[in-house]
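# Descriptive structure summary
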Amino acid sequence: MGINDLPAGQTAIVDSVGGTGALRQHFLDMGLIPGTEIKMLGAAPMGDPLKILVQGYSLTLRVAEAHQIQIRKSEKKAVGPEPPLDEVGYNPNDHEEDPHPGLGEEGRYHSRENEQPLPKDTVLTFALAGQQNCGKTTMFNVLTGSNQHVGNFPGVTIDRKDGQIKGFANTIVTDLPGIYSLSPYTVEETVSRKFILNEKPKGIINIVDASNIERHLYLTIQLMELGIPMVLALNMMDEVHGNGGSIRVNGMERILGIPVVPVSAAKGEGIDEVVRHAIHVAKYQEVPVRQDFCSPEDNGGAVHRCLHSIMHLIEDHCNQTGIPSRFAADKIVEGDTDIIKSLELSQEDIDAIEHIVEQMEKERGLDRSAAIADMRFSFIRKLCTKTVVKPRESREYLRSRRIDRILTGKWTALPIFLLIIGLIIWLSIDVLGTPLQKWMENGIGWMAGICQTGMSRANVSPTIQSLVTDAIFGGVGSVVSFVPVIVLLFFFLSML
């Protein structure tokens, strides 16, 4: 059955994912992978859209989209125990003894030998990347202050904001559109990927919502696969702590191999540390230590062998085009035509890659795109198990849910909606609109009288007088008198 057939409160297992091309890839990037457990949280009063719990976060789908996701009922958990991350040398019990912060040159999260900084006059360019509603714009405003330039990305009408980091000359931060992943499903995702691959910024500042970290880390590991110096800013940490949660920042730094900084962009907390780390990793071009998120132990190592075989096969092409080999291998398996075309692979290489991928699909039991998405979410689950203490539901969220039970209830939503719209119309027309409309009509009539008197004294032609008083003041003025009503109506609708 489809997800839309699942009753509220029930759990099920994703059996198959429909759709084609970019749409299906978008489903997979959202975590709707065959074998994954989901829970139906509820539906809107008219039954569309639906809200489900998947991969530890809430996802809203239209019924038409949900119908393409086939599920089967099961009482068993889809996700089994994950192998430990022992290979990174992380002991979850040592986070309290290990203070934070510390810069890369102090060996905080990894050690480098013979580091050579970029020339002094090099402009350090940064891409500010993150998903929607993660606080990215707030972070950009705090970083740049009023020193911003707004334009469009080449060839598209998507806002592009550039600015200099306050107090640091020769720095440029570009605020990229909010995106879910680097798979080209939307124009924003295409723009962001092209910017990073073509413009080649010296560093990436990745903003994630710490209160919804499982969902946001999917983009993080895709960005790390690009092999560009990067800082991970855990935004809204004040909300996480306020609701009883926490994140073991030091452990996350060790596992990911990049600086991880807890911040609250709205309060300006942790921003200085983000800037220090970003300037450092960009200046010394310290790329993420970890760019490989598959494991030889996971599911027999089929995905691991597949990706590394393709990386070896396309290494020369990647060096010529400047596309990171790990990122390219993932995208080739996903069937990304843009990347395949950019690499200019020979037919022999394409045939060999297809054979490798087919063998992986056979061993893994998933199609190629689902296997890559599952590999990423598997790593995220292991990472969060080691480093994240989930916060409880906030008082604000619980209060909002109680209000929603009435405002979006099955039997109460539509009557309340009609009541609110009726109230808006009543206020806009009868209570506030009509007095203002009469005031404006009186004002227009007063002005028409003055003009009529003046033209009569000046012996203006009766035809001209009629044109001004009857047509302009009478006709146009009667239309203009409706402006207060329209303004009030749009004001109340904007508040709604």
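Residues numbered from 1 in each chain as written. Predicted model: local features only at pLDDT ≥ 70, side-chain atom pairs only at ≥ 80, totals over all residues. Heavy atoms only, no water.

### Structural notes on the overall build of the chain
Counting its secondary structure elements, the chain contains 18 helices and 14 strands. Across the 496 residues that make up the chain, the buried fraction comes to 45%. Put simply, the chain shows about 24800 Å² of open surface, and 56% of that area lies on carbon and sulfur atoms. (Helix = DSSP H or I, 4+ residues; strand = E, 2+ residues; numbered from the N terminus. Buried < 20%, exposed > 50% of the residue type's maximum accessible area, 1.4 Å probe, protein only. Areas by Shrake-Rupley, 256 points an atom, 1.4 Å probe, with all protein chains shown as cover.)

### Section: unusual backbone geometry
Glycine aside, a negative phi is what most residues show, and trans is what most peptide bonds show. Residue P49 is bonded to the preceding D48 through a cis peptide linkage, with omega at 10°. For P49, the position within the fold is in the loop between β2 (37–43) and β3 (50–54). Despite not being glycine, N459 has its phi angle at roughly 55°, a positive value. Looking at where N459 falls in the secondary structure, it is placed in the loop between α16 (433–457) and α17 (462–480).

### Remarks on the packing of helix α5 (residues 213–224) against helix α13 (residues 368–387)
Put simply, α5 and α13 touch, their axes get as near as 10 Å, and they point 120° apart. Classed by the angle they form, the pair α5 and α13 counts as oblique. In the crossing of α5 with α13, the sense of the turn from one axis to the other is right-handed. Judged by residue contacts, I213, E214, L217, Y218, I221 and Q222 of α5 engage A373, R376, F377, F379, I380, L383 and C384 from α13. (Axes fitted to C-alpha atoms, helices over the stretch in contact; angles between N-to-C directions. Parallel < 35°, antiparallel > 145°, perpendicular 65-115°, else oblique. Left-handed = near helix turned anticlockwise from the far one by under 90°. Contact = heavy atoms within 4.5 Å.)

### Here's the deal with a positive patch on the surface
Residues R392, R395, R399, R401, R402 and R405 make up a contiguous surface patch of positive charge. Among the structural elements, R401 can be located in helix α14 (residues 395–407). (Patch = residues over 30% accessible without salt bridge, like charges linked within 9 Å, V, L, I, M, F, W, Y side chains within 5 Å. Salt bridge = Lys/Arg side-chain N within 4 Å of Asp/Glu carboxyl O. Lys, Arg positive; Asp, Glu negative; His and termini not counted. Charge placed at Lys NZ, Arg CZ, Asp CG, Glu CD.)

### Examining the side chain of E189
The topology assignment puts E189 in helix α4 (residues 187–199). One buried charged residue, E189, forms no salt bridge at all, with the nearest opposite charge on R215 at 6.8 Å. Here the side chain of E189 touches Y180 through a polar contact of 3.5 Å, landing on its backbone nitrogen. Sequence-distant contacts of E189, defined by excluding residues within four places in its chain, comprise H26, I179, Y180, S181, S183 and P184. (Polar contact = N/O pair within 3.5 Å; in protein donor to acceptor, adjacent residues only side chain to side chain.)

### Structural notes on the environment of A43
Along the chain, A43 falls in strand β2. Sequence-wise, A43 and G409 are 366 residues apart; in three dimensions their C-alpha atoms are separated by 9.8 Å. When neighbours within four sequence positions are excluded, A43 is seen to be in contact with P49 and L50.

### Quick notes on the sheet that holds strand β1 (residues 11–17)
With antiparallel pairing, the 5 strands of this open sheet are ordered in space as β4-β3-β2-β1-β5. In the strand order of this sheet, the two ends are held by β4 (57–61) and β5 (69–73), each with one partner. In this sheet, adjacent strand axes meet at a mean angle of 45° when their direction is disregarded. Bridge count for β1 against β2 is 3 bridges, and the pairing is antiparallel. Paired with T11 across the two strands is K39, which belongs to β2. (Pairing = 2+ DSSP bridges.)

### Digging into the packing of aromatic side chains
This structure, assessed with the given rule, holds 3 aromatic pairs. Summarising the aromatic geometry, the rings of F293 and F379 are spaced 4.9 Å apart at their centres and angled 75° between planes, so their arrangement reads as edge-to-face. Taken together, the residues F293 in the loop between α8 (271–283) and α9 (302–321) and F379 in helix α13 connect sequence positions 86 residues apart. With a relative accessible area of 1%, F293 lands in the buried category. F379 gets classed as buried once you look at its relative accessible area, which sits at 1%. (Phe/Tyr/Trp six-rings, centres within 6.5 Å; stacked < 30°, edge-to-face > 60°.)

### Focus: α13
Taking 1.5 Å as the rise per residue, α13 with 20 residues should run 28 Å; its terminal C-alpha atoms sit 29 Å apart, in good agreement. Counting buried positions along α13 yields 19 of 20 residues, so the element is predominantly enclosed. For α13, the N-terminal cap is D367; the gap from its side-chain oxygen to the backbone nitrogen of S369 is 3.2 Å. (Expected span 1.5 Å × (residues − 1).)

### What about the confidence of the model for the chain?
Across the chain, the average pLDDT comes to 83, with 89% of residues at 70 or higher. Confidence scores differ between elements of the chain, with strand β7 (residues 148–152) showing the lowest mean pLDDT of 62 and strand β11 (residues 230–235) the highest of 93. Residue range residues 77–99 is modelled with pLDDT below 50. Its contacts to residues more than four positions away, or to other chains, number 38 contacts. In the predicted structure, residues 101–111 sits below a pLDDT of 50 and forms 31 contacts with residues beyond four places in sequence or in another chain. (pLDDT = per-residue confidence, 0-100.)

### Some remarks on the pairing of β2
Note: β2 against β3, 5 bridges, orientation antiparallel. The residue bridging K39 from the neighbouring strand is L53, located in β3. Counting the residues between successive antiparallel strands, the hairpin from β2 to β3 contains 6 residues, one of them, G47, with a positive phi of roughly 90°.

### Details of α9
Its 20 residues give α9 an end-to-end C-alpha distance of 27 Å, which sits within 8% of 28 Å, the value for a rise of 1.5 Å per residue. Along α9, the sharpest change in direction is near 60° and occurs at I314. Inspection of α9 places A302, V303, H304, C306, L307, I310, M311, I314, H317 and C318 among the buried residues, and these make up the whole buried set. Looking at the buried positions of α9, the neighbouring elements they touch are α10 (325–334), α11 (337–343), α12 (347–364) and α13. Trailing α9 by a residue or two, G322 shows a phi angle of about 80°, which is positive. (Bend = angle between axes of the 7 residues up to and from the residue.)

### Comments concerning the pattern of salt bridges
One pass over the full model with this rule turns up 19 salt bridges. The residue R62 makes a salt bridge to D48 at a minimum N-O spacing of 3.9 Å. Placement of R62 in the loop between β4 and α2 (63–66) and of D48 in the loop between β2 and β3 is noted, with a sequence separation of 14 residues between them. The class of R62 is partly exposed, set by a relative accessible area of 48%. A salt bridge links E361 to R368, with the nearest nitrogen and oxygen atoms 3.1 Å apart. Among the charged side chains, a network of salt bridges with common partners joins E225, D292, R326, D330, K331, E334 and R376.

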